[in-house]
There are 2 protein chains.
Amino acid sequence: MLTYDFQKAEGPMYAYVYQCIKEDIIKGNLQPGEKLPSKRTFAHNNGISTITIQNAYDQLISEGYVYTLPKRGYYVAKIEGIRRLPKEAGISLDIHVPEEKENYWADLSNNHMNPDNFPFSVWAKLSRETISKKSSELMEVSPTGGTFELRQAIAEHLKSFRGMLVDPNQIVIGAGTEYLYGVLIQLLGYDKNYCIENPGYQKLAKIYQQHQITCSYGDMDEEGIMPKALEKSKAQIAHICPTHHFPTGITMPASRRYEILAWANEKEGRYIIEDDYDSEFRLSGKPIPTLFGIDACEKVIYMNTFSKSLSPTIRISYMILPAHLANEFYRRLSFYACTVSNFEQYTLAEFIHQGYFEKHINRMRLYYTRQRRQLMDIIKKSPLGEKCEILPNHSGLHFLIKLDTGCSDRKVIERLKKKGIRISSVGEYYVSPNENSRHLFIVNYSNIDMDQMEKVCEEIFQSISEK
Amino acid sequence: MLTYDFQKAEGPMYAYVYQCIKEDIIKGNLQPGEKLPSKRTFAHNNGISTITIQNAYDQLISEGYVYTLPKRGYYVAKIEGIRRLPKEAGISLDIHVPEEKENYWADLSNNHMNPDNFPFSVWAKLSRETISKKSSELMEVSPTGGTFELRQAIAEHLKSFRGMLVDPNQIVIGAGTEYLYGVLIQLLGYDKNYCIENPGYQKLAKIYQQHQITCSYGDMDEEGIMPKALEKSKAQIAHICPTHHFPTGITMPASRRYEILAWANEKEGRYIIEDDYDSEFRLSGKPIPTLFGIDACEKVIYMNTFSKSLSPTIRISYMILPAHLANEFYRRLSFYACTVSNFEQYTLAEFIHQGYFEKHINRMRLYYTRQRRQLMDIIKKSPLGEKCEILPNHSGLHFLIKLDTGCSDRKVIERLKKKGIRISSVGEYYVSPNENSRHLFIVNYSNIDMDQMEKVCEEIFQSISEK
C-alpha cells in the first residue's frame, strides 16, 4: 500500500501524489508491472478526493510511468533504460563565464558608439507608431530576406547616399554581419578557400575557423590587399574592406580595385565580399564609391551594418547579392526565417524613409570630426606630441599614431594596462610579427571622454619614456 | 584641355566635375600619366571657382584616379586592371523571388498564431518603459548568450512552469532556433552525424544539409524515435521533440526517455537536442517534464522558442547547455555578438518577469482548448464526421485525422488545393513513402476562421468521396 505524508504537500495535492509515486517508480520502490491501488481505495484510505488521485494517475500515464488496462486498473510501467544510467548524478554547475570587460578608466581600443548619441526620442516615437499602426504587418512572417519595406528603404538610402543602384530583392537583412557571414558560407560553399586581409579584423578568421572553413591571409601593401597575395592564397573568395580598412585606415585606390575585380573575373566561382562597415563616416568629401558599384560582372557581395551607424545593440545588418547569387539564395536558402524582428525592421524602415537616418549620420559625422580634431589637438599640445606622429586618415572612427619609443609594443600596452588605460597596437592585427607595424597604435575616438585625454596622453608619454 | 558642358551639372558642381573626369579616365580618354590642367587654369577657363576644382581633384585623389606630385601638379593614375575586365556589363537584374503564399481561403497547414492574440498593448507599454528607463543598458553590448536580465527571467519561468533548475549562464539567447542550430553545429562539430526523426519537421534536414552535415533519419514507433534506429544511424547527435512530436503528436513515455538517455550515455560525444517548441500548449494536466530535467549526465541540450508562444515575428529563441558545453561555448564562441536586439531582450525580460508571459500562455491555452473543441464538434457534426477518425492528442496546436477514403493522399490534397483549401498529410513528413501514415492528415487550429470550418469539412468530405 502506498503511504505518503500528505501534510508535506506544497502546491496542488495531485501534483504531490504524482511526484511521490513517480519517485518511487524511479527509485525502484515500485516495481514494473506492480498494480497501483484503485483510485477509490487510495483516495478513501488517505482522506483525499478521488479526483485528486485521478489527476495524479492521468499525469503519470501521460508521462509513461504508469499504464492502464481497461477494467483492471493501473500498473507501473517498465522503465528499463534508467538502470543503464549511472546512479550518481554527473551534473556540474561550474560555469566559467568570460569576465565582463576589465576595468579601464580610459579605453582607446574600441570603436563603440557613445550611447548619448543614439536618437532615443525619434526611435521611441517611431517604435510607438509602428506598434500602433502596423499591428497586422508586425504579425505577418517576414520573407527570408527581410520585409520589403526595410529593403526598399535601404535601397533608397544606398541610391542617394552611395550612388548604388540596387533591387530591394538583392538585399538580405540579417541579425548582424556575423550571422550573414554564416549564410554566405552556406551560399558560396564550405569547400571554398576564403582569403582575409593581413592585417585585418581578427574576428573574421575566428568565424571562418569555427565554420571549419579553409581561411588564408592575404598580405596588404599601402593600397590594400595585393593581387599577388590573392593569387598565392589559392582562395576563391576575397573578404576585404576596400573603403576603409581596419586597422590601417587604407582606402583602396581605383587602380587596385580594378585589379581585384579582374582577379575575381578570371575564374568562375571567384567572389569578393566587400565589407563596408563604417563607410558612413568619411569625414570629408563624397563617400568613396563601392566596389559593388563598379562591378560589372556580378562578382561583388556588398555587406553593411547599422551597428556602427546606429547602435551595436540593434542587430541589423544586410548584404547585397549579385542577381545570380540572389537567385541561388532564394532557390536554396529561402526556407530560413529572417532573423530580425518585424518590430525593428519596420521601425528602422521608417527611420530611414522619413530621413532621420541621413540626419543622424550627418550629425554623427560632425560629432566625429570634432572629436577627432579635439583629440589631435590635445595630443599635439601634450608632451606626447613630440614623441608621436599622427598618420593621415580621412575616414572612420579611429586614426593611427606612431610612437617614438625604444620599448616594445607589448611593453607599452602592459604599462598602460597597469595604469588603467587600454590601447591596441596595429601589430596585434597581423597573423605573424610584422616590422612595418612597429610602434603603430590605434586611437579610437568614437566613445572617449575628452576631459580624460590630457591625462591619457601624459600617461602614454610616461610609458614610452620609461626604460 | 578638358571641356565639359557645365550646364548639365545636377547637384554640386564639384561632383559633376569629378564625375566627368572619372568617366574620361575609365574610358581611356585621359591616359595614365597625363597631366591635368592646374586648378587655377581649369577654373578660370570655365568660369567656376578654384575651390570647386580643388574639391573634385581631392575626391579623385582619394579614390585613386588621380595622383599629385608636389609643386608639379595633378596626373592621371594608371588603372590597368580595368583593361582586363570585359567591356560589356554582365549584370542582370532578373531575380526570381519565391512567390508569396498561394491564395487559399482556408489553411489547415500552418500553425502560426492568430495575430489578434498578440498582447499588443502590454508589449507596447513595456517597450515604451524599456526605452525610457533603460537607455544606458540598451546601449551596452549584450554578452554573447544574451542579457543577464532575460536569461534570468527565462530561468525563473522554467523553474516555476517546467520545474527545471537552470543557471542563467547555461542559457544562450539567439535570433530564432534556426540560428541556434547553426551555433550548435559549431559547438558540437561539423564532423558529427545528426539523427533526426522520421517522420519529422522537414526544415531540420534542410538546415543540416545546407551546413554540409551528415544527417540521418531515425524511424519512430508509437513511443517516439526508436533506440535501435539511433544505433543503426551511427549518429552521435539525436535531434528530437519528445514532449510533443510534430506531426504525429507523440509524447515520448518515460521508459523511452530513459532508453534514449542511456543511448547518449553509452559513448562519449553523444548528445540529445531536445526541441521543445510548443510545450507551453499542453491543454490538460501538468506540463510534461523535460528530458533535460531528468538528464543526470550532461547529455541533453534543451531548445525552446517564443515563436509559438508569443509571435513568430519576434525572433527570440534560446538553448540551455549542460555545464561542460556551456564552458566550451564560452571558450570557443563567446566572440560572437548576441543576435537579438537589446530593446527586445529587455522588453521580453520584463514581459516574463512581471508575469505577463504566464498570463498570456494561460489565456492562449484556454483559447486553443476552445478552438480545438469547437473544431472537433464541427467535424463530428458535418458529413465528414462519419468519414474520419480524430486521433487523441493532448497538446500543441494541431491534431490528426484519419480519413476514410479510397483516394490517395496526394489526390485529396490536390482536389482541396483546387478548391482553395490547404491541408498537409502526415505522409509528407516521411523521408520515403510510409504505409502507417496513409490517410492521416494534419489539422492545425491555431489560426483558423471557425466560421469557415463547416464549409471546409463539407469540401473535404466531397473531395474524399469523389471517385
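In the block above lies the structure referred to throughout.
My aim in this report is to walk through the structure given alongside it, one point at a time. (Residues numbered from 1 in each chain as written. Chains lettered and ligands numbered in written order. Predicted model: local features only at pLDDT ≥ 70, side-chain atom pairs only at ≥ 80, totals over all residues. Heavy atoms only, no water.)

The subject of this paragraph is the overall build of chain A. On a plain count of helices and strands, chain A comes out with 16 helices and 16 strands. Here chain A has a C-alpha radius of gyration of 31 Å; the compact-globule value for 467 residues is 23 Å, and the former is much larger. Taking the principal axes of the C-alpha coordinates as reference, chain A spans close to 95 × 55 × 50 Å. Per-residue burial for chain A yields a buried fraction of 60% across its 467 residues. Excluding contacts between residues fewer than 6 apart, the proportion of contacts in chain A whose partners are at least 24 apart in sequence is 72%. Charged side chains of chain A number 57 positive and 57 negative; the gap between the two group centres comes to 3 Å. (Helix = DSSP H or I, 4+ residues; strand = E, 2+ residues; numbered from the N terminus. Rg over C-alpha atoms; globule rule 2.2 N^0.38 Å. Buried < 20%, exposed > 50% of the residue type's maximum accessible area, 1.4 Å probe, protein only. Contact = heavy atoms within 4.5 Å. Lys, Arg positive; Asp, Glu negative; His and termini not counted. Charge placed at Lys NZ, Arg CZ, Asp CG, Glu CD.)

Residues and elements named next belong to chain B. The full count for this structure, using the stated rule, is zero disulfides over all chains. The cysteine Cys-215 is free of any disulfide, with Cys-195 supplying the nearest cysteine sulfur at 7.7 Å. Using a relative accessible area of 18% as the deciding quantity, one classes Cys-215 as buried. (Disulfide = S-S within 2.5 Å.)

Take the sheet that holds strand S12 (residues 388-390) of chain A next. All names here are of chain A. An order of S12-S13-S16-S15 is seen for the four strands of this open sheet, with the pairing classed as antiparallel. This sheet does not close on itself; its edge strands, each paired only once, are S12 and strand S15 (424-425). Looking at chain direction, strand S13 (residues 398-403) and strand S16 (residues 440-444) are connected through five bridges and run antiparallel. Residue pairing in the sheet places His-398 in a bridge with Asn-444 of S16. Packed onto the sheet, helix H14 (residues 356-381) meets S12, S13 and S16 and runs at close to 15° relative to S13. Sheet contacts for helix H15 (residues 409-418): S13, S15 and S16; angle to S16, the most-contacted strand, approximately 40°. (Pairing = 2+ DSSP bridges. Axes fitted to C-alpha atoms, helices over the stretch in contact; angles between N-to-C directions.)

Let us now look at the relation of the copies chain B and chain A. Note on the identical chains: chain B maps onto chain A by a rotation of 180° and an axial translation of 0.0 Å, with an RMSD of 0.1 Å. Such a turn and shift between the copies fits a two-fold axis. Interface overlap between copies is the fraction of interface residues in one copy that are interface residues in the other; for chain B against chain A it reaches 100%, indicating a shared surface. (Least-squares fit on C-alpha atoms with pLDDT ≥ 70 in both.)

Let us now look at the interface of chain B and chain A. Facing 101 residues of chain B, the contacting portion of chain A comprises 102 residues. Inspection of the region where chain B meets chain A yields two salt bridges. With a closest N to O distance of 2.7 Å, Arg-84 of chain B and Glu-266 of chain A form a salt bridge. Between the two partners, chain B and chain A, sit 29 residue pairs in polar contact (both at pLDDT 80 or more). It is helix H10 (residues 254-266) of chain B that provides the largest number of residues to the side of chain B that touches chain A, a total of nine residues. (Salt bridge = Lys/Arg side-chain N within 4 Å of Asp/Glu carboxyl O. Polar contact = N/O pair within 3.5 Å; in protein donor to acceptor, adjacent residues only side chain to side chain.)

Residues and elements named next belong to chain A. Taken in spatial order, the eight strands make up an open sheet running S4-S11-S10-S9-S8-S5-S6-S7, and their pairing is mixed. In the strand order of this sheet, the two ends are held by strand S4 (171-174) and strand S7 (224-225), each with one partner. As paired strands, strand S5 (residues 193-198) and strand S6 (residues 214-221) are joined by six bridges and run parallel to one another. Bridged to Glu-197 within S6 is Gly-218. Along the sheet face, helix H10 (residues 254-266) touches S6, S7, strand S8 (237-240), strand S9 (271-275) and strand S10 (300-305) and points at about 140° away from the line of S9.

As a further point, take the side chain of Ser-463 of chain B. All names here are of chain B. Among the secondary structure elements, Ser-463 is positioned in helix H16 (residues 453-465). Classification of Ser-463 as buried rests on a relative accessible area of 0%. Sequence-distant contacts of Ser-463, that is, excluding residues within four places in its chain, are made with Cys-407, Arg-415, Leu-416 and Lys-419.

Residue and element names in this part refer to chain A. Applying the stated rule across the entire model yields 30 salt bridges over all chains. Residue Glu-466 is joined to Arg-415 by a salt bridge in which the shortest nitrogen-to-oxygen separation is 3.5 Å. Of this pair, Glu-466 sits in the segment after helix H16 (453-465) while Arg-415 is found in helix H15, placing the two residues 51 residues apart along the sequence. By relative accessible area, which is 36% here, Glu-466 ends up partly exposed. Of the charged contacts, one joins Glu-435 and Arg-438 as a salt bridge, the two residues approaching to 3.4 Å between their closest N and O atoms. Overall, the relative accessible area of 57% leaves Glu-435 in the exposed class. Here the salt bridges share partners, and the residues they tie into one network are Arg-415, Lys-419, Lys-455, Glu-459 and Glu-466.

A word on the packing of aromatic side chains. All names here are of chain B. Tallied over the full model, the rule gives 50 aromatic pairs over all chains. Consider the rings of Phe-6 and Tyr-16, whose centres lie 6.1 Å apart with planes at 70°: the pair is edge-to-face. Highlighted residues: Phe-6 in the segment before helix H1 (13-27) and Tyr-16 in helix H1, separated in sequence by 10 residues. Accessibility expressed as a relative area gives 16% for Tyr-16, which makes it buried. Summarising the aromatic geometry, the rings of Phe-292 and Tyr-302 are spaced 6.3 Å apart at their centres and angled 65° between planes, so their arrangement reads as edge-to-face. Taken as a pair, Phe-292 in helix H11 (residues 291-294) and Tyr-302 in strand S10 (residues 300-305) lie far apart in primary sequence, 10 residues in all. (Phe/Tyr/Trp six-rings, centres within 6.5 Å; stacked < 30°, edge-to-face > 60°.)

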